[in-house]
Amino acid sequence: MSPSPPVPDPAAGPQREAAERPDPTPQTDLAPQADPAPRTDLALPAIERARRLTDVVTRLRRALRSSIRTDYPWESLPMAQVELLQSLAAAPLRVGELAARQRLAPNTVSGLVGKLLEAGFVDRQADPGDRRTARIALTPAGRRQLDDWQSAHERRIAAALGTLSPADREAVMLALPALDNLARALARPAAPE
């Protein structure tokens, strides 16, 4: 008596046949594989990284100022004047001290202070340590102007952040400590070459 042939499993038939046939789809047609080492800006030369960062910071600043000008016409206040108001927020300063903090020539700061005096945002106070000089101080109107400026920027940035993906928002927030360190490094006097 001869052995009987194996009974084919009807459920395994088509799968077995498919497994025995060669795959007509070449491997290159499969979904793209993740790049094992995605290129980042860190792979770029230092000068190119600096160029990209400069471009982004410039566009960010320009976009912020132009978007706020639409809603707040007073935003035409030049940034140099805003920065002087920010420097005076903690305490009154002499023109020379303001110039040193802003890294501007004293005559440039005097001109900016003159415009702020005309607008009523600052006033001159006698310097208790030296009667020959005056300190520049924020007026209540200057404080309100600075607070409004800050609030408007915070609202605009918060709205723009809200349009980003959660991953982009997280990336922006994670970058803040490094950007703060970069700002501090830029504020330090340049080392002699």
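Refer to the structure printed above.
Below is a summary of the structure that appears in this document. (Residues numbered from 1 in each chain as written. Predicted model: local features only at pLDDT ≥ 70, side-chain atom pairs only at ≥ 80, totals over all residues. Heavy atoms only, no water.)

## Here's the deal with the overall build of the protein chain
To keep it simple, the criterion reads: A run of DSSP states H or I qualifies as a helix once it reaches four residues; a run of E qualifies as a strand once it reaches two. Both are numbered from the N-terminal end. Three exposure classes are used, based on accessible area relative to the maximum for each residue type with a 1.4 Å probe and protein chains only: buried under 20%, partly exposed in between, and exposed over 50%. Residue contacts are defined here by distance: any two heavy atoms, one from each residue, within 4.5 Å place the two residues in contact. Under the convention used here, a 1.4 Å probe and the Shrake-Rupley method define accessible areas, while residue burial counts only the protein chains that appear.
When helices and strands are tallied, the protein chain shows seven helices and two strands. Shown N-terminal to C-terminal, the secondary structure of the protein chain runs as helices and strands in the order α-α-α-α-α-β-β-α-α. The buried share of the protein chain, reckoned over its 193 residues, is 19%. Within the protein chain, contacts between residues separated by at least 24 positions form 47% of all contacts whose residues are at least 6 apart in sequence. For the protein chain, the computed accessible surface area is about 14,600 Å², with 59% contributed by carbon and sulfur atoms.

## So, unusual backbone geometry
The residue Arg103 is not glycine, and still its phi comes out positive at about 55 degrees. You can call Arg103 partly exposed: its relative accessible area is 47%.

## Focus on helix H3 (residues 79-88)
A large share of H3 lies buried, amounting to seven of its 10 residues. Inspection of H3 places Met79, Gln81, Val82, Leu84, Leu85, Ser87 and Leu88 among the buried residues, and these make up the whole buried set.

## Examining the nonpolar core
Note the following rule: Within this scheme, the nonpolar core is defined by two criteria: the residues are buried Ala, Val, Leu, Ile, Met, Phe, Trp, Tyr or Cys, and they are joined through side-chain atoms within 4.5 Å.
Grouped together as the largest cluster of nonpolar side chains are 20 residues, with contacts concentrated most on Leu85, Leu98 and Val122. Those elements giving two or more residues to this core turn out to be H3, helix H4 (95-102), helix H5 (106-119), strand S2 (134-138) and helix H6 (140-162). Broken down by element, the residue count for this core peaks at five residues, all from H3. Beyond its immediate sequence surroundings of up to four residues, Leu98 is in contact with Leu84, Ser87, Leu88, Leu93, Val109, Val113 and Ile136.

## What about the pattern of salt bridges?
This is how it is decided: Put simply, a salt bridge is a Lys or Arg side-chain nitrogen that is within 4 Å of an Asp or Glu carboxyl oxygen.
Summed over the entire model, instances satisfying the criterion amount to six salt bridges. Taking the shortest distance from any N to any O, the salt bridge between Glu97 and Arg94 comes out at 3.5 Å. Taking the relative accessible area as the measure of exposure, Arg94 reaches 31% and is therefore partly exposed. One connected set of salt bridges, linked through shared partners, spans Glu48, Arg51 and Arg52.

## Observations regarding the packing of H3 against H6
When two helices pack together, their arrangement is captured by the angle between the axes and the distance separating the axes. What counts is decided by this rule: Structural elements are reduced to axes, namely lines fitted to C-alpha atoms, with helices fitted over the stretch in contact, and the angle between N-to-C directions of any two is expressed from 0 to 180 degrees. Throughout, the term roughly parallel applies to angles under 35 degrees, roughly antiparallel to angles over 145, roughly perpendicular to angles from 65 to 115, and oblique to all others. Each crossing is labelled by how the near helix is turned from the far one, with a counterclockwise turn of less than a right angle marking it left-handed and a clockwise turn marking it right-handed.
Packing of H3 against H6 leaves a shortest axis separation of 10 Å and a crossing angle of 110 degrees. With respect to each other, H3 and H6 are oriented roughly perpendicular. Crossing geometry of H3 relative to H6 is assigned as left-handed. Each of Met79, Val82, Leu85 and Gln86 in H3 lies in contact with H6, whose residues at this interface are Gln145, Leu146, Trp149 and Gln150.

## Looking at the environment of Ser110
Mapped onto the elements of the fold, Ser110 is located in helix H5. The sequence separation of Ser110 and Leu98 amounts to 12 residues, and the corresponding C-alpha distance is 9.4 Å.

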